Amino acid sequence: MSEKEREQIEQAQHVDTDRIFTLPNMLSFLRLVLIPLIVYLFETDQYWWAFGILLLSGATDVIDGWIARTFHLVSDFGKAIDPIADKLTQIAVLFCLMREYWWVLAALLLKEITIGIMGLVALHRTHSVYSAGWYGKLCTVVIYLSMFALILWKPLTGAAPNPTFVLIDSIVIVASILLAFVKYLIYFLRILREARADDTRKTV
């Protein structure tokens, strides 16, 4: 492969990563729009509708990732907006479901703010946006399953969620959050350490 061909491929890849108005990104925008609707439906006791819209939101999260990878529509903007849509959905719904368990939201907010800042620092140092690891995806699955269970509890049983179940569920959620927090912390610290080492080598 000639140097000119290599440069053309790199330029094409760069254009692809800069694209904003792609189908996967539009699905991420849709998840943002659905957040107030889910909250409204839950607060007005329309639990089945709230569950349906939340399920739709979760489905678009899976679908947009598959579309992006399959049709080569992965973009830096998508890597940023996708987790933002996910986390805002989780925070809003968990606030509705677990207001008394403030420490669950506190743990989630601490993780998202800290890792978000570290992600921005890594972006500034390396000019790259990093995708979620398996631990982040595991945390998302745990939270979504918990939200589904708590939303459907009352329409299925006719009573409020069992306090013991909610407490155990809260502990499981926080455990998954802390696992993801620690793993992301180690991950970004390694990236920043390597970036600092690269800068040091360039100045020598």
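Keep in mind that this is a model prediction, so the values were computed, not measured.

**Comments concerning the pattern of salt bridges**
Should the charged atoms of two oppositely charged side chains come close, the side chains can pair.
Phase 1: Under the definition given, this model contains eight salt bridges.
Phase 2: When the shortest N-O distance is used, the salt bridge between Arg-31 and Asp-64 registers 2.9 Å. You can see Arg-31 sitting in helix 2 (residues 23–43) and its partner Asp-64 sitting in helix 3 (residues 47–70), a full 33 residues away along the chain. Asp-64 carries the same exposure label as Arg-31, and that label is buried.
Phase 3: The partner of Glu-43 in a salt bridge is Arg-99, and the shortest N-O contact between them spans 2.4 Å. A residue pair is termed long-range when its members are at least 10 positions apart, and Glu-43 in helix 2 and Arg-99 in the loop between helix 4 (76–97) and helix 5 (102–126) qualify at 56 residues.
Phase 4: A residue is classified by how much of its surface remains accessible, and Arg-99, at 45% relative accessible area, is partly exposed.
Phase 5: Each of Arg-31, Asp-61, Asp-64, Asp-82 and Asp-86 takes part in salt bridges that share partners, so that together they form one network.

**Some details on a nonpolar patch on the surface**
Phase 1: Together, Ile-20, Phe-21, Leu-23, Met-26 and Phe-29 make up a nonpolar patch on the protein surface, roughly 490 Å² of accessible area in all.
Phase 2: Tracing the chain through its elements places Ile-20 in the loop between helix 1 (3–18) and helix 2.

**As for the environment of Ile-177**
Phase 1: Along the polypeptide, Ile-177 turns up in helix 7 (residues 163–203).
Phase 2: The spatial distance from the C-alpha of Ile-177 to the C-alpha of Glu-112 is 9.5 Å, given a sequence separation of 65 residues.
Phase 3: Apart from the residues lying within four places of it in its own chain, the contact partners of Ile-177 are Val-104, Ala-107, Leu-108, Lys-111, Cys-139 and Ile-143.

**Structural notes on the confidence of the model for the protein**
It should be kept in mind that the predicted coordinates are not to be read in detail where pLDDT is low.
Phase 1: When pLDDT is averaged across the protein, the result is 84; 87% of the residues are at 70 or more.
Phase 2: The model gives residues 1–16 a pLDDT under 50, and that stretch makes four contacts with residues more than four places away or in other chains.

**So, helix 3**
Phase 1: Taking 1.5 Å per residue, 24 residues should reach 34 Å; helix 3 reaches 34 Å between its end C-alpha atoms and fits that length.
Phase 2: Phi turns positive one or two residues past the end of helix 3, at His-72, with a value near 55°.

**Focus: the nonpolar core**
Phase 1: The biggest cluster of nonpolar side chains holds 42 residues, and the ones touching the most others in it are Leu-94 and Met-98.
Phase 2: When residues of this core are traced back to their parent elements, those giving at least two are helix 2, helix 3, helix 4, helix 5, helix 6 (134–157) and helix 7.
Phase 3: Leave out the neighbours within four places in its chain, and Met-98 touches Val-104, Leu-150, Val-166, Asp-169, Ser-170 and Ile-173.

Thresholds applied
Residues numbered from 1 in each chain as written. Predicted model: local features only at pLDDT ≥ 70, side-chain atom pairs only at ≥ 80, totals over all residues. Heavy atoms only, no water. Salt bridge = Lys/Arg side-chain N within 4 Å of Asp/Glu carboxyl O. Helix = DSSP H or I, 4+ residues; strand = E, 2+ residues; numbered from the N terminus. Buried < 20%, exposed > 50% of the residue type's maximum accessible area, 1.4 Å probe, protein only. Patch = residues over 30% accessible without salt bridge, like charges linked within 9 Å, V, L, I, M, F, W, Y side chains within 5 Å. Areas by Shrake-Rupley, 256 points an atom, 1.4 Å probe, with all protein chains shown as cover. Contact = heavy atoms within 4.5 Å. pLDDT = per-residue confidence, 0-100. Expected span 1.5 Å × (residues − 1). Core = buried A, V, L, I, M, F, W, Y, C linked by side-chain atoms within 4.5 Å.

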